[in-house]
Amino acid sequence: MQFLQVACFDEWRAAARTLLCNEVHPSEVHWTQDDKSPGLFDGFSQVEHAQKEDADQDTRTHTMRFNVPSAFLDLARTVACHRNPSRWQLLYQTLWRVVHGERHVLELDTDDDVHQLQRMKKAVTRDVHKMKAFVRFRKIEAGNLPEIYLAWHRPDHLIMRLAAPFFTRRFKGMSWTIFTPHESAHWDQKQLTYGPGIPASQAPPPDEQEELWKTYYASIFNPARIKLDTMKREMPVRHWRTLPEADLIEDLVRDAPARVKVMIDNHEGFSETGVHYLPEQRDLSSLRKAVGQCQACDLCHDATQAVFGVGPANASVVLVGEQPGDREDVTGTPFVGPAGQLLNAALFQAGIDRTSVYLTNVVKHFKHEQRGKRRLHKKPDSREIYACRPWLEAEISALKPKMVICLGVTAAQALMGRDFRLTQQRGVVHKTQWSTRTLATWHPAAILRMQNVQRKREMESQLIEDLRQGMETTR
Ligand code: SF4
């Protein structure tokens, strides 16, 4: 067993290259995190020690070349900034697979290693985004010295080097230092350098510019959109201490209901949704007729027609997909293309008569981009899903199903919240506003896209099993 301690991506890469050259299997390496700030100390002491043990190995390291896809290196560079100590091991075992015959493993979103790496990448990217949004500089003037701006921020991950270049572009004409507990970045209007971090107790004091921030924040605060839990998720409470505008939140939240009433009276601040196109009579046939007139979002302009749900009005099971595809757009009926055929086969194997269930989509118009003669599916964004929600709400209210089955992650997140994770919660029955029984399973299109034959079969049987389970709980 080899024990390696690394602090940053470059150290990990150097060590991983040496290990690969010597055909060291991932199970023979134990990786640990070196908590020093990268670049603050000399070289790769632990790694160099391991490398110097064998001069022959060194020679091989310099003569062998690995053809590693740039997508893996990009992913690894980001994941290296995650705090999870297991990232080094995970990166090495994935790299091992890439160079040992699984070159396309990164394309398998359902692969456990890839899934974990993608989650780490997402967490780091999100943290970088938050740092860009929540760093607030305070002006420091000392005698005749040039003014400098200081900021203190506490990221979740080790992201200083990913985020700092953004601030050099954004605040090019200012000299500034951003401190985090782990590391600091300094910009003197010419060069970006890094140094040690400092604890929160040494964060820079408030200055007179804070009032400007507060005025700005109060002016952009939209009381109609306030969701305290979402706000805390998007602007985590741990950052409030360094955000001058956080002082205002309590007052703004308290006054929100009165301000919303004024906005409603004045029709301010609401973007359009399908609700304005709903008919007075909300049975399925009136809804189907009315949806053709909906122009609540831009999707209606490029689609052939709105595709409303089909199935009996007394159906006890409703299947909800993402949006109509190319065939559905042309025919005006959901689930008639290749994904629909796979769904038909799955329903048949689950012992369900397709004509007994109701089939619909979260979004009623086909979103696509034109490539030559082909129209390629594009995922609807949250604005379009929000705009179309009244149609789905009206449809499900008219049906009152005993079970709602979401096909795919878009439908699952639209009905059960953006935190829903299909890979973790597939097949689990939840009580929701839509039905006392709601579950999510694979979208047949995701199964069609799956390249790995074994995984494809697995997903097919899971889809059949989930459909069967959904039907049985309604009997
Ligand atoms: S996608 Fe939905 S909200 Fe948008 S225009 Fe079509 S029916 Fe209306």
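Bear in mind the structure is a predicted one, so any value in this text is a computation, not a measurement.

**Q** Describe the overall build of the protein, naming the residues involved and giving the relevant values.
**A** A tally of helices and strands in the protein yields 19 helices and 13 strands. Counting across all 475 residues of the protein, residues that qualify as buried make up 31%. Contacts in the protein between residues at least 24 apart in sequence constitute 69% of all its contacts with a sequence separation of at least 6.

**Q** Give me the lowdown on the nonpolar core, citing residues and values where you can.
**A** In this structure, V318, V320, V404, I405 and C406 are the most contacted members of the largest nonpolar core, which totals 58 residues. Of all the elements, helix α15 (residues 382-399) adds the most residues to this core, at eight residues. Discounting residues that sit within four places of it in the chain, V318 has contacts with Y358, T360, I396, L399, P401 and V404.

**Q** Got a sec to walk through α15? Specific residues and values, please.
**A** In a regular helix each residue adds 1.5 Å, so 18 residues correspond to 26 Å; α15 covers 25 Å between its end C-alpha atoms and thus fits that length. Along α15, the sharpest kink reaches roughly 40 degrees, centred on C388 and followed within four residues by the proline P390. Taken together, the buried positions of α15 are E384, I385, A387, C388, W391, L392, A394, E395, I396 and L399. Of the surrounding secondary structure, the elements contacted by the buried residues of α15 are α11 (284-291), α12 (299-302), β8 (317-321), β9 (358-361), β12 (403-407) and α16 (409-416).

**Q** Help me get a handle on the environment of H186, residues and values and all.
**A** Tracing the backbone through its elements, the reader meets H186 in strand β6 (residues 183-187). Distance in space between the C-alpha atoms of H186 and W176 is 5.9 Å, their sequence separation being 10 residues.

**Q** Hey, could you go over the sheet that holds strand β5 (residues 176-179) for me, with residue numbers and the actual values?
**A** Sheet strands pair by backbone hydrogen bonding; their relative direction is either parallel or antiparallel. A sheet is described by the order of its strands in space; here five strands give the open sequence β3-β4-β5-β6-β7, paired in mixed fashion. Each of the sheet's edge strands pairs with one partner strand only, and the pair in question is β3 (138-140) and β7 (192-196). For this sheet, the mean angle separating the axes of adjacent strands, direction not counted, is 25 degrees. One ladder, built from three bridges, connects β3 with strand β4 (residues 148-152); its direction is antiparallel. Within β4, the position partnered with I140 by the bridge is I148. Along the sheet, helix α7 (residues 160-170) contacts β5, β6 and β7; its crossing angle with β6, the most-contacted strand, is approximately 20 degrees.

**Q** Summarise the sheet that holds strand β13 (residues 438-441); cite the residues concerned and give the values.
**A** Spatially, β9-β8-β12-β13 is the arrangement adopted by the four strands of the open sheet, whose pairing is parallel. Sheet topology places β9 and β13 at the edges, where each strand pairs with a single neighbour. Across the sheet, the mean angle separating the axes of adjacent strands is 25 degrees when strand polarity is ignored. Alignment of β8 against β12, held across four bridges, turns out to be parallel. When the sheet's bridge partners are listed, L319 is paired in β12 with I405. Strand contacts of α15: β8, β9 and β12, with the helix running at about 165 degrees to β9, the strand carrying the most contacts. Sitting on the sheet, α16 touches β8, β12 and β13, and the angle it makes with β12 is about 135 degrees.

**Q** An account of the site of the ligand is requested, with residue identities and associated values reported.
**A** As a matter of local geometry, the ligand sits amid 16 residues, with C294, C297, C300, H365 and C388 nearest to it. With four residues, the top contributor of residues to the shell around the ligand is α15. Per-class residue counts for the shell around the ligand are 11 nonpolar, three polar and two charged.

**Q** Would you mind going over the confidence of the model for the protein in detail, with residue names and values included?
**A** Here the protein averages 83 in pLDDT, while 78% of its residues score no lower than 70. Per-residue pLDDT, averaged within each element of the protein, yields its smallest value for helix α2 (residues 45-52) (39) and its largest for β9 (98). Low confidence marks residues 39-63, where pLDDT is under 50. Its contacts with residues over four positions away, or in another chain, come to 27 contacts.

Scoring rules and cut-offs
Residues numbered from 1 in each chain as written. Predicted model: local features only at pLDDT ≥ 70, side-chain atom pairs only at ≥ 80, totals over all residues. Helix = DSSP H or I, 4+ residues; strand = E, 2+ residues; numbered from the N terminus. Buried ≥ 20, exposed ≤ 12 C-beta atoms within 10 Å, placed from the backbone. Contact = placed C-beta atoms within 7 Å. Core = buried A, V, L, I, M, F, W, Y, C linked by C-beta atoms within 7 Å. Expected span 1.5 Å × (residues − 1). Bend = angle between axes of the 7 residues up to and from the residue. Pairing = 2+ DSSP bridges. Axes fitted to C-alpha atoms, helices over the stretch in contact; angles between N-to-C directions. Near = placed C-beta within 6 Å. Nonpolar A, V, L, I, M, F, W, Y, C, P; charged D, E, K, R; others polar. pLDDT = per-residue confidence, 0-100.

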